Amino acid sequence: MAAGSAAVPEPRRTCIGCRAVREQDRLLRLTADGCGGVVVNPRRAFGRGAYLCPSVACLEEALRRNALSRALGVDLPGLNAPALRRRVLAEAGRLDAAAGLGQRTGSGAS
Ligand SMILES: [Zn+2]
């Protein structure tokens, strides 16, 4: 059974690092954890979210510009940058694997 949602455009979000606009499910969602840090792709989305390409380069850019705390609207004194970097890398690997499977059928369709 098809869900019939093919005509509905994907929601798009802007990466806080490089400002690229991408489909929401190709980006990581970051939210404040309430303790001065952030959670990557929380199961329950509460509060404001920031979106980031699954790329450490975008994370570094966002951290350098303080874009993360600005996007979330909170200070992040407890932000653990090395841990966040590892988390982004792990999520990037997961998305890469998913994208690889999805794109095999998409090429050469024209
Ligand atoms: Zn980006």
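To be clear, the structure that these remarks concern was listed above.
Note that this is a predicted model, so its numbers are computed, not measured.

This part takes up unusual backbone geometry. Of note, the phi angle at R19 is positive, near 70 degrees, even though the residue is not glycine. Relative to the assigned elements, R19 resides in the loop between β1 (12-14) and β2 (21-23). Residue classification places R19 among the exposed positions, given that 12 C-beta atoms sit within 10 Å. For N41, which is not glycine, the phi torsion reads 45 degrees and is therefore positive. With respect to the helices and strands, N41 occurs in the loop between β4 (38-40) and β5 (49-52). For N41, a count of 16 C-beta atoms within 10 Å corresponds to the partly exposed category.

Reading across the sheet, the three strands line up as β4-β3-β5 and stay open at both edges, with antiparallel pairing between neighbours. Either end of the sheet is taken by a strand with one partner, and the two such strands are β4 and β5. Within the sheet, the average angular offset between the axes of one strand and its neighbour, ignoring direction, is 30 degrees. Inspection of the sheet shows strand β3 (residues 28-32) paired to β4 by three bridges, in the antiparallel sense. When the bridges of β4 are listed, L30 appears paired with V40.

Rules used throughout
Residues numbered from 1 in each chain as written. Predicted model: local features only at pLDDT ≥ 70, side-chain atom pairs only at ≥ 80, totals over all residues. Helix = DSSP H or I, 4+ residues; strand = E, 2+ residues; numbered from the N terminus. Buried ≥ 20, exposed ≤ 12 C-beta atoms within 10 Å, placed from the backbone. Pairing = 2+ DSSP bridges. Axes fitted to C-alpha atoms, helices over the stretch in contact; angles between N-to-C directions.

By themselves, these observations are geometric and do not establish any function.
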